[in-house]
Amino acid sequence: MILEYLEDTYPDIPMYPAAAFDKAKTRQIMKCAELYVELPARRHLPEILLKAPRSEEAFEQAKALIIKGIQGLDQLSQYTPYLCGQQLTYADIVVRYVLSLAQMVGQNIYDWDPLDESERLKTWSENLAQDPISQRVDADQKVGVAEFMAYISDNLTQ
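Residues numbered from 1 in each chain as written. Predicted model: local features only at pLDDT ≥ 70, side-chain atom pairs only at ≥ 80, totals over all residues. Heavy atoms only, no water.

**A look at the pattern of salt bridges**
- A complete count under the given rule lists seven salt bridges for this structure.
- Ionic pairing is found between Arg120 and Asp74, a salt bridge with its closest N-O pair at 3.3 Å. Pair noted here: Arg120 is in helix α6 (residues 119–129) and Asp74 is in helix α4 (residues 56–76), with a separation of 46 residues, a long-range link.
- With a closest N to O distance of 2.7 Å, Lys122 and Asp116 form a salt bridge.
- A residue is classified by how much of its surface remains accessible, and Asp116, at 45% relative accessible area, is partly exposed. (Salt bridge = Lys/Arg side-chain N within 4 Å of Asp/Glu carboxyl O. Helix = DSSP H or I, 4+ residues; strand = E, 2+ residues; numbered from the N terminus. Buried < 20%, exposed > 50% of the residue type's maximum accessible area, 1.4 Å probe, protein only.)

**Remarks on the packing of aromatic side chains**
- Throughout the structure, instances matching the rule amount to three aromatic pairs.
- Between Tyr16 and Tyr90, the ring centres sit 4.9 Å apart and the planes meet at 70 degrees, which makes this aromatic pair edge-to-face. Pair noted here: Tyr16 is in the loop between α1 (2–9) and α2 (20–42) and Tyr90 is in helix α5 (residues 90–110), with a separation of 74 residues, a long-range link. Of the two residues examined, Tyr16 and Tyr90, each falls in the buried class.
- When the centroid spacing of 5.0 Å and the interplanar angle of 20 degrees are considered together, the rings of Phe59 and Tyr110 count as stacked. (Phe/Tyr/Trp six-rings, centres within 6.5 Å; stacked < 30°, edge-to-face > 60°.)

No statement about biological role is implied by the geometric values presented.
Written out as structure tokens, the structure reads:
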């Protein structure tokens, strides 16, 4: 996994907690986000990106799964001020990415913001968005998404 590579390559910038239990908790939060928020949200990507017909099965199932995933993240997280405590970890980075995907799906498919399901997660997300590095990543992501959507559009018409 790329995160393990980064952790090994840059040991002077640890993004996992040192204690084994805390490290496992960080991984648990990341896995919860991946399995219960990201994967259900991805079921709608063909509709959003490729203008494919709506999967009614995905439409009926994904939102409820995302809500359960958000609830799971909310129960697992500490928010003091980061998801795993006072140190920014890979969990914060992964969950922030996963939530951006869930919000894109929520907005485009359900006219809904998944962060409305958890005030604590919403506040955490808003606070992390104020970080200068997050702002730089967000700006780069907007450019990248616009370029990617243009590429998809150009290649779908050929």
